[in-house]
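# Remarks on the overall topology
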Amino acid sequence: MQTCALSDVGRMRQINQDSIFCSKKPVGNLPNLFVVADGMGGHQAGDYASRTAVEILLKRIQETDSHDPVVILKDCIEKMNEYLWRRSMTDSALAGMGTTLVAAVLAGDTLYVVNVGDSRLYVIGGEIHQVTKDHSLVEELVEQGSLVRGSVEYQAKKNMITRAIGVEERVTADFFEVRLVSEEKVLLCSDGLTNMVTDDEIYAIVKREISLRERAEALIEAANLSGGRDNITVILIER
């Protein structure tokens, strides 16, 4: 397995509120672990939320006796939400903070995925497939048939998310199980990439005959060339 994890502040932000973790070696009872979290709630609060979420995730993984990725990740999401919610209620400097999170574990040819918010995971092979579902206002409206994906209104409201860790007392995460086939790549990313670069552009970059790191760098460069309005974080995985 080859991996590359990169994060960039972008062109419009002063602080990088994204947090990233990438290990192709075992983490606790998990064979590997890949995480992208995108914090919100002001500079300090957003940075704190994403960083703390990843720290709690790693700590809980080390403490658990379970070997089931879904059980482990579900427990971690609950614990990090509980902690961040309590902190936001007791520390005025952290009021309103929250973080998205997308995490993945690859066991053999099975990919276990969890997400809250609009950070995404794609599987890229003969085509590009978004595995995760954005917890956003526009996606809810698209499902209801009252908004067209890609329209002007869609683009204007794209960053309004409806679910995040630490924002409410309880949070519900989505879980996915994907069977990978030969030659497929996996991409985890924050919305700093997907708000700037289309799926077709992402696909074209990931399919280039260059190194994995050069592809990751090209994704970040494309987001910055399109405006770089947010922090940009990517993890590329190639078996």
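Quick summary incoming for the structure in this document. Keep in mind it's a predicted model, so treat the numbers as computed, not measured.

How each quantity is defined
Residues numbered from 1 in each chain as written. Predicted model: local features only at pLDDT ≥ 70, side-chain atom pairs only at ≥ 80, totals over all residues. Heavy atoms only, no water. 1 Å grid on protein atoms, 1.4 Å probe; cavity = no way out; pocket = protein on both sides within 12 Å on 5 of 7 lines; lining within 4 Å. Points joined across faces, edges and corners; volume = space filled by probe spheres on them. Helix = DSSP H or I, 4+ residues; strand = E, 2+ residues; numbered from the N terminus. Nonpolar A, V, L, I, M, F, W, Y, C, P; charged D, E, K, R; others polar. Buried < 20%, exposed > 50% of the residue type's maximum accessible area, 1.4 Å probe, protein only. Contact = heavy atoms within 4.5 Å. Core = buried A, V, L, I, M, F, W, Y, C linked by side-chain atoms within 4.5 Å.

For the rest of this paragraph, the subject is the layout of surface pockets. Considering only enclosed or pocket space, the largest pocket measures out at about 440 Å³ in volume. Lining the largest pocket are 20 residues, and of these R13, N159, D191, N195 and D230 sit closest to its centre. For the lining of the largest pocket, the elements supplying multiple residues, two or more each, are strand 3 (33–40), helix 4 (152–156) and helix 5 (191–194). Looking at side-chain class alone, the lining of the largest pocket contains five nonpolar, eight polar and seven charged residues. As for the second largest pocket, its lining consists of 17 residues, of which R120, R149, Y154, K158 and D199 are closest to the centre.

Moving on, we come to the environment of T132. Tracing the backbone shows T132 in the loop between strand 7 (128–130) and helix 3 (137–144). By relative accessible area, which is 3% here, T132 ends up buried. Residues T132 and R239, spaced 107 residues apart in sequence, show a C-alpha to C-alpha distance of 20 Å. For T132, the contacting residues outside a window of four places in its chain are V102, V113, N115, S119, R120, L121 and F176.

The next thing to look at is the environment of L225. Residue placement: L225 occurs in helix 7 (residues 212–225). C-alpha separation for the pair L225 and L94, spaced 131 residues apart in sequence, amounts to 32 Å.

This brings us to the nonpolar core. Counting residues in each nonpolar core, the largest one holds 30 residues, and the members touching the most others are L33, L57, I61, I77, M80 and L101. Listed by contribution, the elements that provide at least two residues to this core are strand 3, helix 1 (43–63), helix 2 (69–90), strand 4 (98–107) and strand 5 (110–116). Top contributing element to this core by residue count: helix 1, with eight residues. When residues no more than four places from it in sequence are discounted, the contact partners of M80 are A53, I56, L57, L101 and I165. Within the second largest apolar cluster, 23 residues are counted, among which are Y122, I124, I128 and I202.

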